[in-house]
Amino acid sequence: MTAAILSGHRKVRPHGMAGGEPGAPGRNYVERADGRVSELGPFDQTEMAAGDVFVIESPGGGGYAPA
């Protein structure tokens, strides 16, 4: 099967507010059945096989005000 993703904040971190720090960027990848890991971009597609796992790590929210 072909799996596709359209996601944001994978390269540009989420902005903080009122001087807060930016959040962590997200990440998309596939853990292949044979142990390999295939990194995916924010707008990407890949062929999947039985036993592959599609992993979506959501970006962290930006901070509010200085720490």
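Residues numbered from 1 in each chain as written. Predicted model: local features only at pLDDT ≥ 70, side-chain atom pairs only at ≥ 80, totals over all residues. Heavy atoms only, no water.

This next bit is on the side chain of R32. You can see R32 is positioned in the loop between β2 (27–31) and β3 (37–40). Among the residues examined, R32 registers a relative accessible area of 13% and is labelled buried. One polar contact links R32 to S38, side chain to side chain, over a distance of 3.2 Å. Here T46 takes part through its side chain, which lies 2.8 Å from a polar atom of the side chain of R32. If we ignore the near neighbours within four places in the chain, the residues touching R32 are S38, T46, E47, M48 and D52. (Helix = DSSP H or I, 4+ residues; strand = E, 2+ residues; numbered from the N terminus. Buried < 20%, exposed > 50% of the residue type's maximum accessible area, 1.4 Å probe, protein only. Polar contact = N/O pair within 3.5 Å; in protein donor to acceptor, adjacent residues only side chain to side chain. Contact = heavy atoms within 4.5 Å.)

Turning our eyes to something else, we now look at the pairing of β3. Here β3 shows one buried face, formed by S38 and L40, and one open face, formed by V37 and E39. Judged from the four bridges that link them, β2 and β3 form a sheet pairing that is antiparallel. Bridging across to β3, Y29 finds its partner in E39. Between β2 and the antiparallel strand that follows it, β3, lie five residues; G35 among them carries a positive phi value of about 100 degrees. (Pairing = 2+ DSSP bridges.)

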